[in-house]
Amino acid sequence: RRPSPRRTGATLKQEHTLSQALLVSPHRTLNPRDADFFFVPVHGGCYISRFTRPTPRHNLYVKPRGGAPILGNAHYRAALDWVRSRHPWWNVSGGADHMFAFPHDEGSCVAPIELRPAILISSWGRTELGPRNSTTTMGEHNWYNRRTLPLMYASYRCFEPGKDIVMPVFTSLSQLATSPYVAEGMPRGGAAARPAPKRRLLFHFRGQILRYVPTYSFGIRQQLLGLYGCKTGKEIANPKDLVGVPWCGPDVVVSDRHTTNYLDEMANATFCGVFPGNGWGHIESPLLLGCIPVVVQDGILTAWEDVLDFDSFALRLPRAKLPRLAEELRAVPPERVAALQAGGRRVWERFTFSSLGLAEKRRMCGGTHFTAAADGCVPRLGAPGGKHSQAFLASSAITGQDAIATLLQLLRARLLERTSPERG
């Protein structure tokens, strides 16, 4: 069965999408002796967050049992025990070629310590040795408990560079329609998403801040709000009215208030903030909308940071420079801004799950709203637009070189390194 592009919405669907994609991958083998890597689909993110309720039946708030972290830890351990008892392959490599996904906010912090040799896939690249705190504000998801900590990977660390992998957070297929890159690739007569805007804002960050919870986001988002946040609480309906208004600064937007203009604001910004929250922050939306990510999270890697040429499309600033964020960004030369924007254009698709879009396009070819063409299929003239239109799938910008393809390319590179004669 091919992966369904309709599995949209929840960010924790990363593992589900990945496991389905690998099931139909041409690189999959049914002979374990031919396998270079073993992916173990546990769906622990769904289990921890009870997305499969009422089955499995469990209560995240049962304090004597430790809540979600202990339940999740035991869930993964049960999967590992099953793999060890039914197959010999874990023992052959000591687990070094086995992969487990942890899409939850704090990634593989809650992994069983027995998985330390394995490749752990998450969106949380906290590299600190022996971290002394959980970052979540949800008590039922707090894994830092001295009694149970020895059971967890976090007793060692949450992410090991060079072994573990930081993948993008799952983004829904419909979010592709918001990208100016997708609009630019639409065939003549197709339904373009939006024209590429002239960027009027220097910096944008709008999201949950929890200003009265100092441990949230390590205090980074709260510090940012104190430095650049909206002082009057006034909201502006039209993003065009942001220009020249001394609201969050003439060209800086920092707010924890909801707005329906969120995507328009981000598409009008040159730089967009990427900060931790309860765990991972979002680098995906800025890249999708052509905004240069500005990452401020010391000791925490974001998606593909140690895989791609990160400096070619994003900026990383130490937290110590946060008070001078605006000055730092204004000092970036125009040619450097242009180079970063060009870099983002080259890699944006690797932060999406666009291959689901290609699967959907193949389903729709020959359907009511698509017609055959030399490049596969394109939307018919007069095809319905709007929120649920799939016409944007005809964009030539959607190539399938997405997060799943990047993961497979990374694994191939590791395999070549592993088998290199120079390594003896």
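Residue positions within a chain follow its written sequence, with the count starting from 1. Local features are withheld for residues below a pLDDT of 70 in this predicted model, meaning they are given only at 70 or higher, and side-chain atom pairs are given and counted only at 80 or more; totals for whole chains, interfaces and linings count all residues. Side-chain numbers here rest on the full set of heavy atoms in the structure, without hydrogens or water.

Caption draft 1: Inspection of empty space enclosed by the protein at higher detail. A cavity here means a set of points on a 1 Å grid, drawn over the protein atoms and nothing else, where a 1.4 Å probe fits but cannot get out; a pocket is an open set with protein on both sides within 12 Å along at least five of seven lines, and a residue lines either one if it has an atom within 4 Å of a point. Grid points are joined across faces, edges and corners, and a volume is the space filled by probe spheres set on the points. Evaluation of the coordinates by the stated rule reveals 5 cavities of 30 Å³ or more. Computed from the structure, the largest cavity encloses a volume of approximately 100 Å³. Taken together, Ile48, Ala68, Pro69, His104, Asp105, Glu106, Gly107, Val110, Thr136, Met138, His141 and Asn278 form the lining of the largest cavity. For the lining of the largest cavity, the residue count by class is 5 nonpolar, 5 polar and 2 charged. The space that makes up the second largest cavity amounts to roughly 70 Å³. Forming the walls of the second largest cavity are 16 residues, and the residues nearest its centre are Ser123, Trp280, Gly281, Thr302 and Ala303. A class-by-class count of the residues in the lining of the second largest cavity yields 11 nonpolar, 4 polar and 1 charged. Gly is put with the polar residues, along with every residue not named as nonpolar or charged; the nonpolar set is Ala, Val, Leu, Ile, Met, Phe, Trp, Tyr, Cys and Pro, and the charged set is Asp, Glu, Lys and Arg.

Caption draft 2: Quick peek at the layout of surface pockets. Its volume calculated, the largest pocket comes out at about 1500 Å³. What lines the largest pocket is a set of 46 residues, among which Leu22, Ser25, His27, Arg28 and Phe39 lie closest to the centre. Helix and strand assignments follow DSSP, with helices taken as H or I runs no shorter than four residues and strands as E runs no shorter than two, numbered in order from the N terminus. Contributing elements (two or more residues each) for the lining of the largest pocket: helix 1 (14-23), strand 1 (38-39), helix 3 (67-86), strand 2 (98-102), helix 11 (355-364) and helix 12 (403-418). Class assignment of the residues belonging to the lining of the largest pocket gives a composition of 28 nonpolar, 11 polar and 7 charged. In this structure, the second largest pocket encloses a volume near 660 Å³. Elements with a minimum of two residues in the lining of the second largest pocket: strand 6 (201-206), helix 7 (262-267), strand 8 (269-274) and helix 8 (284-288). Each residue belonging to the lining of the second largest pocket can be placed in one class, and the counts come to 12 nonpolar, 17 polar and 5 charged.

Caption draft 3: Geometry of the nonpolar core. The set of buried Ala, Val, Leu, Ile, Met, Phe, Trp, Tyr and Cys residues whose side-chain atoms join them within 4.5 Å is what this entry labels a nonpolar core. With a 1.4 Å probe rolled over the protein chains alone, any residue whose accessible area is under 20% of its type maximum counts as buried; one over 50% counts as exposed, and the rest are partly exposed. Formed by 32 residues in total, the largest nonpolar core has its most connected members in Ile165, Met167, Trp304 and Phe351. Within the residue set of this core, elements represented by two or more residues are helix 1, strand 2, strand 3 (119-122) and helix 12. Residues in contact with Trp304, not counting those within four places in the same chain, are Ile165, Val166, Met167, Pro168, Arg350, Phe351, Ala403, Thr406, Leu407 and Leu410. Residues Leu80, Leu115, Leu120 and Trp280 belong to the second largest nonpolar core, which totals 29 residues. In what follows, a contact means two residues having at least one pair of non-hydrogen atoms within 4.5 Å.

Caption draft 4: Expanded view of the pairing of strand 9 (residues 292-295). Side-chain alternation along strand 9 places Ile292 and Val294 on one buried face and Pro293 and Val295 on a second face that is also buried. Bridge analysis of strand 8 against strand 9 gives 4 bridges, and the strand direction is parallel. Residue pairing for strand 9: Val274 is matched across the bridge by Val295. Pairing between strands is defined by DSSP: at least two bridges between them are needed. As paired elements, strand 9 and strand 11 (residues 315-316) share 2 bridges and run parallel to each other. The partner of Val294 across the bridge, within strand 11, is Leu315.

Caption draft 5: Geometry of the sheet that holds strand 5 (residues 165-166). Reading across the sheet, the 4 strands line up as 1-2-3-5 and stay open at both edges, with parallel pairing between neighbours. The open sheet terminates on both sides in strands that have one partner only, identified here as strand 1 and strand 5. Sheet analysis places strand 3 next to strand 5, joined by 2 bridges and oriented parallel. Of the residues in strand 5, the one forming a bridge with Ser122 is Val166.

Caption draft 6: A look at the packing of helix 1 against helix 12. Relative to each other, helix 1 and helix 12 sit at 65°, their axes nearing to 11 Å. With respect to each other, helix 1 and helix 12 are oriented roughly perpendicular. As helix 1 runs across helix 12, the sense of the crossing is right-handed. Contact residues: Thr17, Leu18, Ala21 and Leu22 in helix 1; Ile404, Leu407 and Leu408 in helix 12. Note on definitions: angles span 0 to 180 degrees between N-to-C directions of axes, and those axes are lines fitted to C-alpha atoms, for helices only across the stretch in contact. Angle categories: roughly parallel below 35 degrees, roughly antiparallel above 145, roughly perpendicular from 65 to 115, and oblique for all the rest. Should the near helix be turned anticlockwise from the far one by less than a right angle, the crossing is left-handed, and should it be turned clockwise, the crossing is right-handed.

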